[in-house]
Amino acid sequence: MLRATLKGMAARKARLILTSLAVVLGAAFIASALVLTASIRATVDDLSGDAYTGADVLVQPVEPENRGDRLVRDGVSAETLAAIEANGDVAEVSTTVTWMVNALGDDGKIVGGFAPTMAVNWGDESVEREMREGRAPETDGETAVSAQFVTDSGLGLGDTVTAYSLATDETAYEIVGVYGYSGGRDSLSGSTELAFTTTEAQRLVFEGQDVYTAVAVTAADGVGADELLKALEPAVGAESEAISRQAYVDDLNAESAEVTSVIGYFLLGFGLIAVFVSVFLIANTFSIVIAGRLKEIAMMRAIGAGRGQIIRSVLAEAGLLGAAAAVVGAGIGVAAGAGLTSVVADGFLDTASTSVAIPWTAPLAAVAVGLGATVLSALVPAVRASKTPPVEAMREAAKADRPITGVTVTGLVVTLIGIAGIVLGLNETFDGDKTNLVAAAVGAGVVFIGVALLTAWLSKPVVALLGAVWSWSFAGRLGRLNASRNPRRTAVTAAALMIGVTLVTATATLLTSVKESLADRFETTIKAELFITGPVTSSVPATFDPAVMDDIRAVEGVDAAVELYYDIAQVDGTEQYVNATTDLEGGLDLFGGEMLEGSLADLQEGETAVNQYSADQLGVGIGDTVSMTFSRGTEAREFTVTGILADNEDTDGWYVDPAYVGEFYTPKPTTALVDVADGADVNQVTDGVEDVLADQPAVSVQNHEEYLAQVTVFFDYAIIAIQLLLALAMIVAVIGVINTLVLSVLERTRELGMLRAIGMTRGQTTRMVTVESVTIALFGALLGVGTGLLLGWIVQQALADTGVESFAVPTALIAAYLAAAVLVGLLAAIAPAVRASKVDILGAISYE
């Protein structure tokens with residue numbers, strides 16, 4: 001049987017190679033994801049290992065527990081530094097002063113986006129800097145900048161750059177130097193940097209306090225790191241901590257490991273999706289191949305082969321195919337992962353030095369998944385083949401397709417069970433929001449499985465409907481009939497495409513619904529027509545001078561204008577958002593908020609108002625007292641609750657008098673709302689406000705549409721990323737359509753010969769196969785779109801209480817998916833159509 005299996009594989013090597021491509025792609029994606037993740041982690045670890053080279057111990061402030069305090073930097077005091085320098089076990093000390101700032105480029109806009117702009121003192125030795133042009137800053141009005149900053153800002157040596165932090169005003173600096181980093185790098189992981197004198201860096205980071213972000217300490221000769229740590233304990237004090245340099249590097253590596261693990265799981269998930277799609281392809285291929293070998297299998301049964309031998313023969317073929325394809329895929333994946341490491345390192349880490357790591361799990365997982373998926377896919381066809389009776393060898397007539405009643409009934413029952421779970425979950429039948437959400441999610445997954453089982457039953461009416469579009473021609477009618485002649489085969493082939501389309505449609509539908517919900521809320525609740533704000537991608541919130549608000553209110557056509565401050569404060573020991581404005585009642589009105597109790601009009605110092613949810617969270621009401629510690633505050637303050645607001649995503653949080661904004665994380669306003677008077681020209685008002693803000697380059701004026709586009713840009717990025725990654729599943733689906741059509745052409749060789757013999761031209765034959773291919777692809781895409789819309793609606797309904805109240809259909813994207821399906825069908829039809837059109841008529845008529 002083994003020899004027979006090998007000879008059979010040799011005779012069908014072309015179709016098996018085509019089938020193996022799906023396994024190769026899936027295994028390659030898994031291996032490359034694991035290698036890429038491990039290599040990025042190793043590269044980042046190596047870069048982290050270069051931090052504070054030569055130091056033995058680092059002294060740094062104790063990390064605050066709450067986020068607001070972490071945003072406002074604490075430092076190592078000058079007294080602690082002096083005590084460290086005076087210690088006899090210390091040979092050398094260097095200081096670091098660094099944190100995020102905003103800097104303006106030559107276009108007057110904030111430089112950078114996701115990667116921050118950092119201020120640092122030139123004496124910092126946390127990394128090795130190499131001056132490329134000019135010199136180091138010598139006075140407080142000078143700065144040296146990283147080469148990446150020159151690229152991103154458009155500024156260079158001799159130019160003037162404006163920079164500021166949240167606690168300082170905009171200050172102009174002369175660029176006196178341009179530097180890079182060890183290894184020829186222009187940046188540190190894509191960030192930009194400005195180096196100042198230590199005193200100026202302290203002004204920007206610590207508001208002029210004589211403190212430091214970190215102190216690097218080198219031990220004297222003969223003193224070890226542990227001995228130095230112990231010797232420094234009296235000098236460090238309670239507000240700072242001393243750790244070994246190795247412990248510092250280990251902490252950096254642990255942080256990077258968390259990020260790279262998330263990326264790795266994300267990529268691995270898409271690899272598994274591709275493998276799952278390939279299961280349909282392989283199962284379909286083996287089903288078609290076995291259907292064409294029924295007489296051969298029956299003959300083997302007639303000469304004594306048992307059912308077990310037939311099963312083992314088919315599984316052996318699948319195993320050999322899967323093993324070979326998985327090994328090839330693992331090799332390709334390892335090489336691709338290593339190659340992508342260089343691309344990622346150069347593009348995101350800005351380093352030409354990479355550390356390629358190949359964990360043993362990468363090739364092992366790729367081979368195991370590829371082999372397992374192939375054998376599992378062939379199991380059902382193998383069992384079916386073993387049931388072939390020996391008498392089949394004497395039959396000439398084609399065997400009728402098995403009925404689809406069983407799988408249809410099963411699919412209907414499964415779908416109804418899933419719908420029941422969805423209905424129960426969305427109607428909050430169970431105790432607890434989490435339980436209801438899980439019920440709806442599980443129901444959605446069950447519905448997806450049910451629809452997949454129903455594809456065979458759905459194929460006939462849907463394919464007939466699609467085929468009506470091109471049934472005007474003889475070739476078109478034949479192509480439609482071919483696509484519907486074997487519902488099982490059509491369903492399995494289309495299912496591979498359906499999975500990918502379902503996932504992208506569901507994701508796009510959900511994210512589009514989120515954007516639509518935001519737009520609806522803006523239109524129905526927010527009364528302001530204009531927003532004054534900075535870019536959402538800025539690492540430091542963009543702020544503006546509150547003094548301009550009076551000038552904005554004086555612009556002709558402005559009915560009202562309100563500025564907003566915010567802070568992340570400690571309220572009764574919990575982290576809460578606290579807001580302030582000079583016109584609390586006006587701000588509430590522009591945001592469409594509502595007071596339930598009390599008033600904001602006469603809110604005084606020592607008084608606070610809060611939304612209902614936050615009040616319930618802390619168990620407070622009118623007349624109760626809460627304790628607040630602001631991010632820049634040095635002591636807790638007592639506030640009496642005098643107002644309760646209705647819950648509203650735009651107005652939730654605590655409200656205090658603007659007298660406290662000096663203690664906020666953002667002492668200046670970050671946003672302003674402008675209400676345009678009835679009948680006034682919005683464009684003219686916009687121009688007038690922009691004129692007022694001419695000296696505030698960090699912010700700009702935006703209407704509803706522009707502001708929405710900015711705050712939802714992350715959703716657009718997410719859709720693009722998911723579509724690109726799911727393209728792999730689409731490629732596997734294309735291979736599936738090609739494979740099915742090639743095998744179908746081989747299976748119908750005699751039929752094609754007869755059609756050619758009675759006058760069918762090569763062009764008609766090509767069109768017939770093309771129509772069949774496009775029909776199958778469109779069928780799969782339509783199923784995917786329908787199922788994806790359903791899943792997207794389910795998730796949207798489950799999230800309705802969180803603010804995703806509107807359901808929106810991504811019409812343009814769906815049209816693109818359907819157009820892509822047509823393209824997939826056309827591309828998949830090329831090879832099979834050419835093969836079919838070149839069938840030798842006489843040879844085909846005599847073909848068995």
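Residues numbered from 1 in each chain as written. Predicted model: local features only at pLDDT ≥ 70, side-chain atom pairs only at ≥ 80, totals over all residues. Heavy atoms only, no water.

Brief notes about the overall build of the protein
The helix and strand tally for the protein stands at 25 helices and 23 strands. The proportion of buried residues among the 848 residues of the protein is 51%. A sequence separation of at least 24 residues applies to 82% of the contacts in the protein between residues at least 6 apart. Accessible surface computed for the protein: about 37,000 Å², of which carbon and sulfur atoms make up 58%. (Helix = DSSP H or I, 4+ residues; strand = E, 2+ residues; numbered from the N terminus. Buried < 20%, exposed > 50% of the residue type's maximum accessible area, 1.4 Å probe, protein only. Contact = heavy atoms within 4.5 Å. Areas by Shrake-Rupley, 256 points an atom, 1.4 Å probe, with all protein chains shown as cover.)

A closer look at the nonpolar core
By size, the foremost hydrophobic cluster in this structure holds 42 residues, and its most contacted members are Val732, Phe779, Leu791 and Ile794. Elements with a contribution of two residues or more to this core: helix H8 (245-292), helix H13 (433-467), helix H15 (487-524), helix H21 (713-747), helix H23 (762-798) and helix H24 (811-837). If one sorts the elements of this core by residue count, H23 sits on top with 10 residues. Filtering out sequence-adjacent residues up to four positions away, valine 732 remains in contact with Ala22, Leu25, Ala274, Val277, Ser278 and Leu281. With 38 residues, the next largest nonpolar core counts Ile84, Val161, Tyr173 and Val236 among its residues. (Core = buried A, V, L, I, M, F, W, Y, C linked by side-chain atoms within 4.5 Å.)

Thoughts on the packing of helix H22 (residues 749-757) against H23
Contact geometry of H22 with H23 gives a least axis separation of 10 Å together with a crossing angle of 140 degrees. Here H23 runs oblique to H22, going by the angle between their axes. The way H22 lies across H23 gives a crossing that is right-handed. Residues Leu752, Leu755 and Arg756 of H22 touch H23, and the partners they reach there are Arg762, Thr765 and Met768. (Axes fitted to C-alpha atoms, helices over the stretch in contact; angles between N-to-C directions. Parallel < 35°, antiparallel > 145°, perpendicular 65-115°, else oblique. Left-handed = near helix turned anticlockwise from the far one by under 90°.)

A short note on the pattern of salt bridges
Throughout the structure, instances matching the rule amount to 11 salt bridges. For aspartate 124, the salt bridge identified is with arginine 129, shortest N-O distance 2.9 Å. Among the residues examined, aspartate 124 registers a relative accessible area of 5% and is labelled buried. We classify arginine 129 as buried; its relative accessible area is 15%. Linking aspartate 186 and arginine 132 is a salt bridge whose minimum nitrogen-to-oxygen distance equals 2.7 Å. With a gap of 54 residues between them, aspartate 186 in the loop between strand S9 (171-181) and strand S10 (192-196) and arginine 132 in strand S6 (residues 129-134) connect regions that are remote in the sequence. The class for arginine 132 is partly exposed, based on a relative accessible area of 40%. Through salt bridges that share partners, Asp124, Arg129 and Glu193 make up one connected network. (Salt bridge = Lys/Arg side-chain N within 4 Å of Asp/Glu carboxyl O.)

With respect to the sheet that holds strand S13 (residues 240-244)
Read from one edge to the other, the open sheet built from 4 strands follows the order S3-S12-S1-S13, with strand pairing classed as antiparallel. Since the sheet does not close on itself, it has two edges, and those belong to strand S3 (90-96) and S13, each with one partner. Across the sheet, the axes of successive neighbouring strands diverge by a mean angle of 20 degrees, strand direction being ignored. Of the pairings in the sheet, the one linking strand S1 (residues 57-61) to S13 comprises 5 bridges and is antiparallel in character. Residue pairing across strands places valine 57 opposite serine 244, the latter belonging to S13. Sheet strands touched by helix H4 (residues 78-85): S1, S3 and strand S12 (214-219). Its angle to S3, the strand with the most contacts, is close to 155 degrees. (Pairing = 2+ DSSP bridges.)

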